[in-house]
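# Chain and residue survey
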Amino acid sequence: MTVAAALRLTEERLAAAGVETPNVDAELLVAHVLGVSRSQLHAEREREVPDGLNELVERRTRREPLAYVLGEWGFRHLTLKTDARALVPRPETEIVVERCLALLAGESAPRVLDLGTGSGAIALAIADEHPGARVTAVDSSPEALALARENSEALDLAIELHEAGLEAAEEGWDLVVSNPPYVAASEWDSLQPEIRDWEPRAALVGEGLHEEIARRAHTLRLVLEVGDEQAESVAAALDSLGYSNVTITSDLTDRERVVEGIR
Ligand SMILES: C[S@@+](CC[C@H](N)C(=O)[O-])C[C@H]1O[C@@H](n2cnc3c(N)ncnc32)[C@H](O)[C@@H]1O
């Protein structure tokens, strides 16, 4: 089958399965099996598609996240290995990294903690973009930590990784960053299948963790990713805990998703 025909057929199958962006997903899957970038696809339209596409498309029709099917996902300047051991890194989390880098500007060797590192996305991006930073990444999930370690080794970015919970924030840090679980258990059933049926529930469901991290953290700077509609109450909690310069940053779709403060 040619690339042009495979793109048409794949898009139809994904649309029938209820995938939200069948066109984009079809292009990324076909590009992946060809080993080319999505932008190069138009030059390959008459080429034969190699074996392997059908298996990937079937996985995607079962609503497995595209990042797990591809096995890798872009995050800032990095390509991270992604699978069901950890949450798929999201675009809004790239803004979290941006705020960390802004707060660390001018610091030559800051001590940074990424609390709940998952795939290692935040920790590795900070290590990549602030080479002097001494980054520690912890998670309560051994599976997530194993994936973060594989990413650290594959990218040759040295970070310290260990299994720990919120108590890690109590050591002294120049910056603590966290994208903790913040989905209410009552919302679980309404999540899209890609999240509900495939991503680790323990990475998503949690309540009150922002406030607890803010209370326990012994740090000069704190940066937290928050869910929709949570920014104002988390910012108020930081204010009442004595943080100064409390600031809310929106993501590229204008949703308030990052709260930071200085101690
Ligand atoms: C929303 S995910 C964020 C993953 C990654 N930082 C990212 O932004 O893509 C939350 C992570 O926190 C971890 N986690 C949940 N509760 C935790 C706790 N009490 N202590 C440490 N890690 C925790 C989960 O295992 C999960 O990997």
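Predicted, not measured: the structure shown is a model, and the values here were computed from it.

This paragraph deals with the overall build of the chain. Per the secondary structure count, the chain includes eleven helices and nine strands. At 20 Å, the chain has a C-alpha radius of gyration in line with the 18 Å of a compact globule built from 263 residues. With respect to the principal axes defined by its C-alpha atoms, the chain has extents near 60 × 40 × 35 Å. Of all intrachain contacts in the chain linking residues separated by at least 6 positions in sequence, the fraction that spans at least 24 positions is 61%. Of the roughly 12,200 Å² that the chain leaves accessible, carbon and sulfur atoms contribute 48%. Side-chain charges in the chain split into 25 positive and 49 negative, and the spacing between the mean points of these groups amounts to 2 Å.

Located in the positive-phi region is Glu-229, a residue other than glycine, with phi close to 70 degrees. For Glu-229, the position within the fold is in the loop between β7 (218–225) and α11 (231–240). The backbone of Asn-245 sits at a positive phi, close to 50 degrees, despite the residue not being glycine. Within the secondary structure, Asn-245 sits in strand β8 (residues 244–250).

Judged by which residues are buried, strand β2 (residues 78–81) turns out to be one-sided: Leu-78 and Leu-80 face inward and are buried, whereas Thr-79 and Lys-81, on the alternate face, are not. Across four bridges, the pairing between strand β1 (residues 72–75) and β2 is antiparallel. The residue of β2 that forms the bridge with Gly-74 is Thr-79. Where β1 folds back onto β2 in an antiparallel hairpin, the turn is made up of two residues, including Arg-76, whose phi is positive at roughly 50 degrees.

Turning our attention to the packing of helix α10 (residues 209–216) against α11. Relative orientation of the contacting elements α10 and α11 amounts to 20 degrees, with a least axis distance of 10 Å. In terms of axis orientation, α10 runs roughly parallel to α11. Every pair of crossing elements has a handedness; the one defined by α10 and α11 is right-handed. Between α10, through His-210, Glu-211 and Ala-214, and α11, the contact on the second element is made entirely by Ser-233, Val-234, Ala-237 and Leu-238.

A few words on the domain arrangement of the chain. Taken domain by domain, the chain consists of domain 1 (3–62) and domain 2 (86–262). Of note, the centres of domain 1 and domain 2, computed from C-alpha atoms alone, are 33 Å apart.

This brings us to the sheet that holds strand β5 (residues 160–163). Here seven strands make up an open sheet; going across it, the order is β5-β4-β3-β6-β7-β9-β8 and the pairing mixed. In this open sheet, the two edge strands, each paired with only one partner strand, are β5 and β8. Each strand axis lies, on average, 15 degrees off the axis of its neighbour in the sheet, ignoring direction. Across four bridges, the pairing between strand β3 (residues 111–115) and strand β6 (residues 172–178) is parallel. In the strand pairing of β6, Leu-115 is matched with Ser-178. Along the sheet, helix α6 (residues 121–129) makes contact with β3, β4 (134–139) and β6, crossing β4 at roughly 175 degrees.

A few words now on the site of the ligand. In the region of the ligand, 17 residues are neighbours, and Gly-116, Asp-139, Ser-140, Asn-179 and Ala-203 sit closest. One nitrogen or oxygen atom from the main chain of Thr-117 is found 3.3 Å from a nitrogen atom belonging to the ligand. A distance of 2.8 Å separates an oxygen atom of the ligand from a polar side-chain atom of Asn-179. Summarising the interface, the protein chains cover 89% of the accessible area of the ligand, which totals 600 Å² for the free molecule.

Rules used throughout
- Residues numbered from 1 in each chain as written.
- Predicted model: local features only at pLDDT ≥ 70, side-chain atom pairs only at ≥ 80, totals over all residues.
- Heavy atoms only, no water.
- Helix = DSSP H or I, 4+ residues; strand = E, 2+ residues; numbered from the N terminus.
- Rg over C-alpha atoms; globule rule 2.2 N^0.38 Å.
- Contact = heavy atoms within 4.5 Å.
- Areas by Shrake-Rupley, 256 points an atom, 1.4 Å probe, with all protein chains shown as cover.
- Lys, Arg positive; Asp, Glu negative; His and termini not counted.
- Charge placed at Lys NZ, Arg CZ, Asp CG, Glu CD.
- Buried < 20%, exposed > 50% of the residue type's maximum accessible area, 1.4 Å probe, protein only.
- Pairing = 2+ DSSP bridges.
- Axes fitted to C-alpha atoms, helices over the stretch in contact; angles between N-to-C directions.
- Parallel < 35°, antiparallel > 145°, perpendicular 65-115°, else oblique.
- Left-handed = near helix turned anticlockwise from the far one by under 90°.
- Domains from an automatic or database assignment.
- Near = heavy atom within 4 Å.
- Polar contact = N/O pair within 3.5 Å; in protein donor to acceptor, adjacent residues only side chain to side chain.

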